[in-house]
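# Descriptive analysis of the structure
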Amino acid sequence: MSSGTKTSIEEQQILMEKLQIYRTSKAGVSPFWRDKYERDAKKYWDIFYKHHGDRFFKDRHYLRKEWNSYFSASGEKVILEVGCGAGNTIFPLIATYPHIFVYACDFSPRAVDLVKAHEEYTETRVCAFASDLTGDDLDKHISPSSVDLVTMIFVLSAVSPEKMPFVLQNIKRVLKPNGCILFRDYAVGDLAQERFSGKDQKISDNFYVRGDGTRAFYFSNEFLETLFAEEGFEVEEIGVCCKQVENRSRELVMNRRWVQATFRLSNATKNPPDTAKTDQSEEQESKETVDSTDIDISDGLAMEMFGASPSCHEMSEFKLRDSAFRIKLLSKEYQHTCKSTGLMLWESARFMASVLDRNPNIVSGKQVLELGCGCTGICSMIAARSASLVVATDADTKALTLLTENIATNLESSLLGKLKTGVLEWGNKEHIEGIKSLASCGGGFEVIIGTDVTYVAEAIVPLFETAKELILHKVGEVQEEKPALILCHVFRRVDEPSLLSAASKFGFKLVDRWAMGSRESPIGNIVDRWFCGNDLVAEIPSSALHILYFQME
């Protein structure tokens, strides 16, 4: 292969990377969101317990089997349950061991309220309080060096790795000499971590954010041993447990992995329980534990947690003058971790749908193409009422799948034949030809609509390139009847001069513009007429919305 050909290929690869509209999984969580997840961690867990109550984790009756010798040792025992949640550890313990008293803390006030509302909660056996162990001192609630055992069950994983040492230091202040921490948490290689690897949800190594804003760290034995050793703890036992959870009705198999360990404050005489396991390899210990160990998360909610449940969607109602649409889209609580903007309903789409509803003449009898329609497709559904043909397109196949549901739910059966959907990645020649073939005689579309499709700078050139290929080329008509490209958006990272520069390169001329309250004189008198004689202006959701009306030169 010649060097010139090789250079050409490399240049093409670089260009394709630059034209990538959606972020790749390598991008991870941005610094802004990383800081927000840390700052609002309490809020996200409060929302979690608002939605799930005490249904997410199963009651941990396996504690007796795994650590009975620690709880049943002679004498009164004081237990500290860190990250108590809804009490799934507390209440099995006090029911099994009458001689223990449990301090229970969580940094979600809602979780603490669930514990206090439990029918078995009594202040003679349990003291529950809200506390953020990364910043609040435990010894404000518990006497120093007074706790015999600490249980940390799926809690440390919710803490930023850099703050984990603070948690252990906090616990040390209230733990007795020779006291122990009983630990269970997510292990590297767990199903959830594998699912995260294909998404933009990585915060740092082995640390991810879930769709609901809560976070999870996945531990290796080496990481845990180092972390605890640096804070003065010795390992009594540690192993990785594995279990395969199967849901036959959904044909879903989940390979769960977690670390189970016991740590004791060092520099003290060790007195391991009689039932301590003999030395063996981690693989042997894991295998022995597999068949007899319960899993903490309820099966149904585990499906939801790993993306197998449709519960991440919600119904949103969009009303027009004489009709209403019930649109299925991504729930607000999951939108901040979703890299696809097509699973949401944006203000510009709401606004343009209202414009088309009040001004059906814009598309009447014409062939219409919508670029970046997303899952809602409300502009396309409104246009289908008066257009001869409407094709709704998006590059996101998940959005198109949801769009198909929304069309079937909301569009009159008599109009279904006029509205088609298709995959269209801007700049993709094969996709462009496929969409063009849907138009009459493959000639192109008389109206192309795009709402909030101009927010990524690298996508602007392929946007106009694609529009040029798909717009119908006609000459000699009255200006308002000429084929048009209509863009409605809020200016974000791409300003108007940049848009106009890219448009001109592909033969598009700005014929008219409109903005709420703009003092600029309109270029033409096309868009202004859409707002005459009706109260459409009152329905505008944002004063930052703009409309740009292009035609071919």
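The present account deals with the structure reproduced in this document. Please read these numbers as outputs of a predicted model, since none were measured by experiment.

Another aspect to go through is helix α3 (residues 41-52). Here α3 contains 12 residues, and its C-alpha end-to-end distance of 17 Å stays within 8% of the 16 Å for a straight helix at 1.5 Å per residue. Two residues or fewer after α3 comes G53, characterised by a positive phi angle close to 55°.

This part takes up the sheet that holds strand β18 (residues 508-515). Read from one edge of the open sheet, seven strands run β15-β14-β13-β16-β17-β19-β18, paired in mixed fashion. Each having just a single partner strand, β15 (419-423) and β18 make up the two edges of the open sheet. Direction aside, the axes of adjacent strands within the sheet are offset by 20° on average. Pairing geometry for β18 and strand β19 (residues 545-552), over seven bridges, is antiparallel.

Glancing now at a negative patch on the surface. Side chains of D54, D59, E119 and E120 sit close together on the surface and give a patch of like negative charge. Within the secondary structure, D54 sits in the loop between α3 and α4 (62-71). Residue classification places D54 among the partly exposed residues on the basis of a relative accessible area of 48%.

Looking now at the nonpolar core. M352, L356, W530 and I547 are the most contacted members of the largest nonpolar core, which has 49 residues in total. The leading source of residues in this core is helix α13 (residues 347-358), at six residues. The contact partners of L356, leaving out residues within four places of it in the chain, are I362, V363, C379, I382, A383 and I449. Counting residues in hydrophobic clusters, the runner-up holds 42 residues, among them W45, Y70, C84 and F196.

Let us now look at the sheet that holds strand β6 (residues 202-204). Pairing is antiparallel in the open sheet, where three strands are placed in the order β6-β7-β8. Two strands bound the open sheet, and with one partner strand each, they are β6 and β8 (215-217). For this sheet, the mean angle separating the axes of adjacent strands, direction not counted, is 30°. Across two bridges, the pairing between β6 and strand β7 (residues 207-209) is antiparallel.

Our next topic: unusual backbone geometry. We note that F154 has phi near 50°; this positive angle belongs to a residue other than glycine. Overall, the relative accessible area of 13% leaves F154 in the buried class. Of note, N206 is a non-glycine position whose phi angle comes to about 65°, a positive value. Within the secondary structure, N206 is located in the loop between β6 and β7. On the basis of relative accessibility, which here comes to 27%, the residue N206 falls in the partly exposed class.

Each value, and the rule that gives it
Residues numbered from 1 in each chain as written. Predicted model: local features only at pLDDT ≥ 70, side-chain atom pairs only at ≥ 80, totals over all residues. Heavy atoms only, no water. Helix = DSSP H or I, 4+ residues; strand = E, 2+ residues; numbered from the N terminus. Expected span 1.5 Å × (residues − 1). Pairing = 2+ DSSP bridges. Axes fitted to C-alpha atoms, helices over the stretch in contact; angles between N-to-C directions. Patch = residues over 30% accessible without salt bridge, like charges linked within 9 Å, V, L, I, M, F, W, Y side chains within 5 Å. Areas by Shrake-Rupley, 256 points an atom, 1.4 Å probe, with all protein chains shown as cover. Salt bridge = Lys/Arg side-chain N within 4 Å of Asp/Glu carboxyl O. Lys, Arg positive; Asp, Glu negative; His and termini not counted. Charge placed at Lys NZ, Arg CZ, Asp CG, Glu CD. Buried < 20%, exposed > 50% of the residue type's maximum accessible area, 1.4 Å probe, protein only. Core = buried A, V, L, I, M, F, W, Y, C linked by side-chain atoms within 4.5 Å. Contact = heavy atoms within 4.5 Å.

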